[in-house]
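The residues making up each chain are set out below.
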Amino acid sequence: MPEPRLLIDQDLHAGAEIALDEAQARHVGTVLRLDVGGHLRPFNARDGEWRARVTVREKRAMRVVLEAQLRQAQPSPDLDLLFAPVKRHATDLIVEKATELGARRIKPVVTRRTIAETVRVDRLESIAREAAEQTERFDAPEIFEATPLPKALDGWDASRPLIYADEAGDEADKAWGGAAGRARPIAEALQPLSPSLKGEEKLALLIGPEGGFTPEERRMLRALPYVVPVSLGPRILRAETAVIAALSVIQSVWGDWREA
Ligand code: SAM
């Protein structure tokens, strides 16, 4: 069993002695059952990952001393996920899987048919931290407050293409499929975009709510120069499936799954 990882915001350097906060001390002491002399792997996106030894363990406190750096921090691709919050369990799943799949920022957006107008950012942040520790990444994705879609697009950085998973056809008023054809398959639509080279390139993905986007939203999105409508195949995917599928294709074709 590899030594447990712990995302720690304090500076990490050789010989540093770190006092864990109460929640971390409880997690390491009670959940991970580490005692004095036990080892863990503190990490963060600035200082990479270190091997540390527990030096003090009390009921609500724990101190560790850093022994050696294990890995330099690697940036994840500059990849944002915009998604319309769905039922709580599915939203939790979206945050956990988007963390494992390397999203750097997770931005809940409220659309006309979105069922949840807000999200519990603190709750989603702890899901993201735990997933970041498990998935061996160096940072936890930044979680944003839920924002109306038009506001989230306001002042958009046009150098960041927005991959818009469009389940309907090119005719905004038609339901699924439309007569005028569909959006381009996602892998094909990604080809012309210059791939992420260690995070220099930027990309974003937009996934809609259970009820899909309205014709007005589709028209608004398709009129934006930086929006790239894509199809995720011939079947309707649940929002959480669409997030996982689309991020997997993006990482394969554009992102860091291309690295050996
Ligand atoms: N409009 C869909 C329907 O008729 O049931 C419901 C939306 S779907 C459950 C949730 C979101 O996942 C969509 O808004 C879209 O962003 C994405 N999605 C699901 N299946 C897709 C597909 N085949 N192609 C593109 N996007 C898809």
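Look a little higher up for the structure.
Quick look at the structure, then. Here the structure is a predicted model, which is why all the values come from computation and not from measurement.

1. Quick word on the overall build of the protein chain
In terms of helices and strands, the protein chain carries 7 helices and 13 strands. Judged by the C-alpha coordinates and their principal axes, the protein chain covers about 65 × 35 × 35 Å. Residues counted as buried form 48% of the 260 residues belonging to the protein chain. Long-range contacts, defined as pairs at least 24 residues apart, comprise 73% of the intrachain contacts of the protein chain with a sequence gap of at least 6. For the protein chain, the accessible surface area stands at approximately 12800 Å², while carbon and sulfur atoms represent 52% of it. Between the averaged position of the 37 positive side-chain charges in the protein chain and that of its 41 negative side-chain charges there is a distance of 3 Å.

2. A word on the site of the ligand
In the neighbourhood of the ligand, 18 residues make up the surrounding shell, with Ala-165, Glu-167, Leu-232, Arg-235 and Leu-237 lying closest. Between the ligand and Glu-167, the relevant distance is 2.8 Å, taken from a nitrogen atom to a side-chain nitrogen or oxygen of the residue. A distance of 2.8 Å separates a nitrogen atom of the ligand from a polar atom in the backbone of Arg-235. Compared with its free state, where it exposes 570 Å², the ligand has 86% of that area covered by protein. The pocket occupied by the ligand, as judged from atoms lying within 2 Å of grid points, is the largest pocket. Looking at the shell around the ligand residue by residue, the classes come out as 10 nonpolar, 4 polar and 4 charged.

3. What to know about the pattern of salt bridges
Going through the model one piece at a time under the given rule, you end up with 29 salt bridges. Here Arg-104 ties to Asp-78 by a salt bridge, and the two come within 4.0 Å at their closest N and O atoms. With Arg-104 in the loop between α2 (88-100) and β7 (105-110) and Asp-78 in strand β6 (residues 78-83), this pair connects stretches of sequence that are 26 residues apart. Among the residues examined, Arg-104 registers a relative accessible area of 21% and is labelled partly exposed. Glu-188 is the salt-bridge partner of Arg-184, the closest N and O atoms lying 3.1 Å from each other. The exposure class of Arg-184 is partly exposed, given its relative accessible area of 41%. Owing to a relative accessible area of 40%, Glu-188 belongs among the partly exposed residues under this scheme. Through salt bridges with shared partners, one network takes in Arg-5, Arg-41, Glu-49, Arg-71 and Glu-136.

Parameters at a glance
- Residues numbered from 1 in each chain as written.
- Predicted model: local features only at pLDDT ≥ 70, side-chain atom pairs only at ≥ 80, totals over all residues.
- Heavy atoms only, no water.
- Helix = DSSP H or I, 4+ residues; strand = E, 2+ residues; numbered from the N terminus.
- Buried < 20%, exposed > 50% of the residue type's maximum accessible area, 1.4 Å probe, protein only.
- Contact = heavy atoms within 4.5 Å.
- Areas by Shrake-Rupley, 256 points an atom, 1.4 Å probe, with all protein chains shown as cover.
- Lys, Arg positive; Asp, Glu negative; His and termini not counted.
- Charge placed at Lys NZ, Arg CZ, Asp CG, Glu CD.
- Near = heavy atom within 4 Å.
- Polar contact = N/O pair within 3.5 Å; in protein donor to acceptor, adjacent residues only side chain to side chain.
- 1 Å grid on protein atoms, 1.4 Å probe; cavity = no way out; pocket = protein on both sides within 12 Å on 5 of 7 lines; lining within 4 Å.
- Sits in = over half its atoms within 2 Å of the grid points.
- Nonpolar A, V, L, I, M, F, W, Y, C, P; charged D, E, K, R; others polar.
- Salt bridge = Lys/Arg side-chain N within 4 Å of Asp/Glu carboxyl O.

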